[in-house]
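Here's the letter readout for the chains.
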Amino acid sequence: MDAASAIALLMTPDGRRDPYPTYELLRAHGSVVAAGDRFTVVTGYAAVDQLLRDPRMIVLEGEMRDQQWPDWRDNRAISSIAISMLRTNPPNHTRMRRLAAGAFTARRIAAMRDVVTAQTTSLVAGMTERGHGGQAVDFMSAFAYPLPVGVICALLGVPAADHPWFRQRAADLTAVLEPEINLDEMAAASRGAAELEEYFTELIRQRRAAPGEDLITALVQAHDAGGDRLSGDELLANLVLLLVAGFETTTNLLGNGLFALLERPEQMDRLRADDSLAAAYVEEMLRFDSPVQLTTRVAGASAQVDGATVPEGSWLLLLLGAANHDPARFADPGRFDPDRPQNHPISFGAGAHYCLGAALARLEAQVAFPMLLRALPALALAGVPRRRVRLTLRGFATLPVRVG
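Treat the numbers as computed from the prediction; the structure is a model and nothing was measured.

### Some remarks on the overall build of the chain
At step 1: Secondary structure summary: the chain contains 19 helices and 12 strands in total.
At step 2: Its C-alpha radius of gyration of 21 Å places the chain within 12% of the 22 Å reference for a compact globule of 404 residues.
At step 3: Looking at the chain residue by residue over its 404 residues, the buried ones come to 56%.
At step 4: Summarising the internal contacts of the chain: among those between residues at least 6 apart in sequence, 71% fall at separations of at least 24.
At step 5: When the accessible surface of the chain is totalled, it reaches about 16,900 Å², and 54% of it is carbon and sulfur.
At step 6: Within the chain, the 47 negative side-chain charges are centred at a point lying 3 Å from the centre of the 40 positive side-chain charges.

Pasting the structure below:
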């Protein structure tokens, strides 16, 4: 199968539910493959890492975005993400990221351990109650969503009563990150973004009237300080981004990671018996079934990558999930092996756009999995899980389990 046909297969519903066979079809053409006019697909770990760290490889913005999506400003989801730090280059990206980074210092992340522990304890108790008498419990709704949304909302200063409200709106908004999206999904994404912006506009008003110790207050104060620090639109866009990115990836990490364990009871028993293994297990979960499967760049200059030439102006599809299964970097990549030496998955990216919340996501998973497994020794699948038909953000829609 040629590269263009493999890309087309990857975009089908079946290809998105299980992209790994298609990654191998693409890898057969090399780690860096031209797949059409000015379109390059990258599957190799070293190549993806090199391109992500190269400052000449940029995200789409300015005139290039206007050419690609002339009406991008008409969709609230696209326009919100487009002016956030996710889709801007230096110096704007550097300025916005520096302002938000205060919420993700090593000290602040470490201080969240008690929050994660308390919320995990509460959620496990809720799962036990729901699963009384052998009833199936959806792990995604009962645990994988509420834990990370509770943690990021605690950082932001979002009231606990509002947590459930975010799930559908965030799911709708993040559809615009997918390489394939239909008109109905585009409309739903725009509505979700508009509702989230309205919510944060009101929360900003409240923080101006009564400042707190949270990230929203800090960013509002940065905006109100004037100068070239943070515009009003940037404030809203980055609050929406921090909320959505703060739990979407971790929700998928928890769901994908638990499914990998449920299919391997011996690994589940091993982690249950020794929580000092949690960090290694979480790294392998990130590698084995990455919660983020791809990202994109535009080549601002030509580059030599793994023996291939990436031409200036080329659109780059960087397949993180394929890179994490590159046999040149990971021996027997289809095997779940928490004992891998030098296991450094590229699931959170690399370079200037490395995920700001990576340490927090790791902390949540490292704390949650041992507690969950010890508290629920009979944890097992209770039906057929259902994958979301997404590629960029890979995870489960439902994951039914028995807890006793």
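### Description of a nonpolar patch on the surface
At step 1: A cluster of nonpolar side chains, contributed by M1, L9 and L25, occupies part of the molecular surface with about 260 Å² of accessible area.
At step 2: Turning to its location among the elements, L9 is positioned in helix α1 (residues 3-10).

### Re the packing of aromatic side chains
At step 1: Here the structure, examined in full by the defined rule, presents 11 aromatic pairs.
At step 2: Cluster of aromatic residues (ring-pair linked, three or more members): W165, F166, Y199 and F200.
At step 3: Here the basic side chain of R329 rests over the ring of Y45, its NZ or CZ set 5.0 Å away from the ring centre.
At step 4: Above the plane of the ring of F330 lies R329, whose end atom (NZ or CZ) is 4.7 Å from the centre.

### Things to note about unusual backbone geometry
At step 1: Residue P90 is joined to P91 through a cis peptide bond whose omega torsion reads 10°.
At step 2: Looking at the secondary structure, you find P91 in the loop between α6 (76-82) and α7 (92-100).
At step 3: Of note in the backbone geometry, Q342 takes a positive phi value of approximately 50° without being a glycine.
At step 4: Structurally, the position occupied by Q342 is in the loop between α18 (320-323) and α19 (358-375).
At step 5: What makes Q342 exposed here is its relative accessible area of 58%.

### Some points on the side chain of Q267
At step 1: On the secondary structure map, Q267 appears in helix α16 (residues 265-273).
At step 2: Look past the residues within four positions of Q267 in its chain and what remains in contact with it is L261, Y281, F336 and P338.

### What about the pairing of strand β8 (residues 315-319)?
At step 1: Most of β8 sits out of view: four of its five residues are buried.
At step 2: Two strands pair when backbone bridges link them, and strand β2 (residues 39-42) and β8 are joined in this way by four bridges, in the parallel orientation. Within β8, the residue paired with T40 across the bridge is L316.
At step 3: In the sheet, strand β5 (residues 294-299) pairs with β8 via five bridges, with the strands oriented antiparallel. Counted as the bridge partner of T296 is L317 from β8.

### Looking at the nonpolar core
At step 1: Membership of the largest hydrophobic core comes to 114 residues, with the highest contact counts inside it found for M127, F139, F143 and F200.
At step 2: Dropping the residues within four chain positions of it, F139 is found in contact with M127, A144, L254, G255, L258, L372, L399 and V401.
At step 3: One finds M11, Y23, V33 and L317 within the second-largest nonpolar core, a separate group that totals 16 residues.

### Quick look at the sheet that holds strand β9 (residues 380-381)
At step 1: With antiparallel pairing, the three strands of this open sheet are ordered in space as β4-β12-β9. At either end of the open sheet lies a strand with only one pairing partner, and these are β4 (137-138) and β9.
At step 2: In terms of strand pairing, β9 meets strand β12 (residues 400-402) through two bridges, oriented antiparallel. Paired with A380 across the strands is R402, a residue of β12.

### A short note on the pattern of salt bridges
At step 1: The final tally for this structure, using the stated rule, is 23 salt bridges.
At step 2: Across the salt bridge formed by R56 and D54, the nearest N and O atoms sit 2.9 Å from each other.
At step 3: Classification of R56 by relative accessible area gives partly exposed; the value is 38%.
At step 4: Across the pair D289 and R394 runs a salt bridge, and its minimum N-O distance is 2.5 Å. You can see D289 sitting in the loop between α17 (278-288) and β5 and its partner R394 sitting in the loop between β10 (386-387) and β11 (396-398), a full 105 residues away along the chain.
At step 5: Using a relative accessible area of 7% as the deciding quantity, one classes D289 as buried.
At step 6: On the basis of relative accessible area, R394 is assigned to the buried category, the value being 6%.

### Observations concerning the packing of α16 against α19
At step 1: At a closest axis distance of 8 Å, the pairing of α16 and α19 adopts a crossing angle of 100°. In terms of axis orientation, α16 runs roughly perpendicular to α19. Of α19, the residues touching α16 (which contributes M268, L271 and R272) are F369, P370, L373 and R374.
At step 2: Here the contact of α16 with α19 is composed, by residue class, of five nonpolar, no polar and two charged.

### Examining the sheet that holds strand β3 (residues 57-58)
At step 1: Spatial strand order, β1-β2-β8-β5-β3: five strands in an open sheet with mixed pairing. Strands at the two margins of the open sheet, each flanked by one partner only, are β1 (32-34) and β3.

### Quick look at the side chain of S84
At step 1: By the secondary structure assignment, S84 is in the loop between α6 and α7.
At step 2: Given the relative accessible area of 0%, S84 is considered buried.
At step 3: Within polar-contact distance, the side chain of S84 engages the backbone oxygen of I81 at 2.7 Å.
At step 4: Contact partners of S84, with chain neighbours within four places excluded, come to M96, A237, N238 and L241.

Reading the values: the criteria
- Residues numbered from 1 in each chain as written.
- Predicted model: local features only at pLDDT ≥ 70, side-chain atom pairs only at ≥ 80, totals over all residues.
- Heavy atoms only, no water.
- Helix = DSSP H or I, 4+ residues; strand = E, 2+ residues; numbered from the N terminus.
- Rg over C-alpha atoms; globule rule 2.2 N^0.38 Å.
- Buried < 20%, exposed > 50% of the residue type's maximum accessible area, 1.4 Å probe, protein only.
- Contact = heavy atoms within 4.5 Å.
- Areas by Shrake-Rupley, 256 points an atom, 1.4 Å probe, with all protein chains shown as cover.
- Lys, Arg positive; Asp, Glu negative; His and termini not counted.
- Charge placed at Lys NZ, Arg CZ, Asp CG, Glu CD.
- Patch = residues over 30% accessible without salt bridge, like charges linked within 9 Å, V, L, I, M, F, W, Y side chains within 5 Å.
- Salt bridge = Lys/Arg side-chain N within 4 Å of Asp/Glu carboxyl O.
- Phe/Tyr/Trp six-rings, centres within 6.5 Å; stacked < 30°, edge-to-face > 60°.
- Lys NZ or Arg CZ within 6 Å of the ring centre and 35° of its normal.
- Pairing = 2+ DSSP bridges.
- Core = buried A, V, L, I, M, F, W, Y, C linked by side-chain atoms within 4.5 Å.
- Axes fitted to C-alpha atoms, helices over the stretch in contact; angles between N-to-C directions.
- Parallel < 35°, antiparallel > 145°, perpendicular 65-115°, else oblique.
- Nonpolar A, V, L, I, M, F, W, Y, C, P; charged D, E, K, R; others polar.
- Polar contact = N/O pair within 3.5 Å; in protein donor to acceptor, adjacent residues only side chain to side chain.

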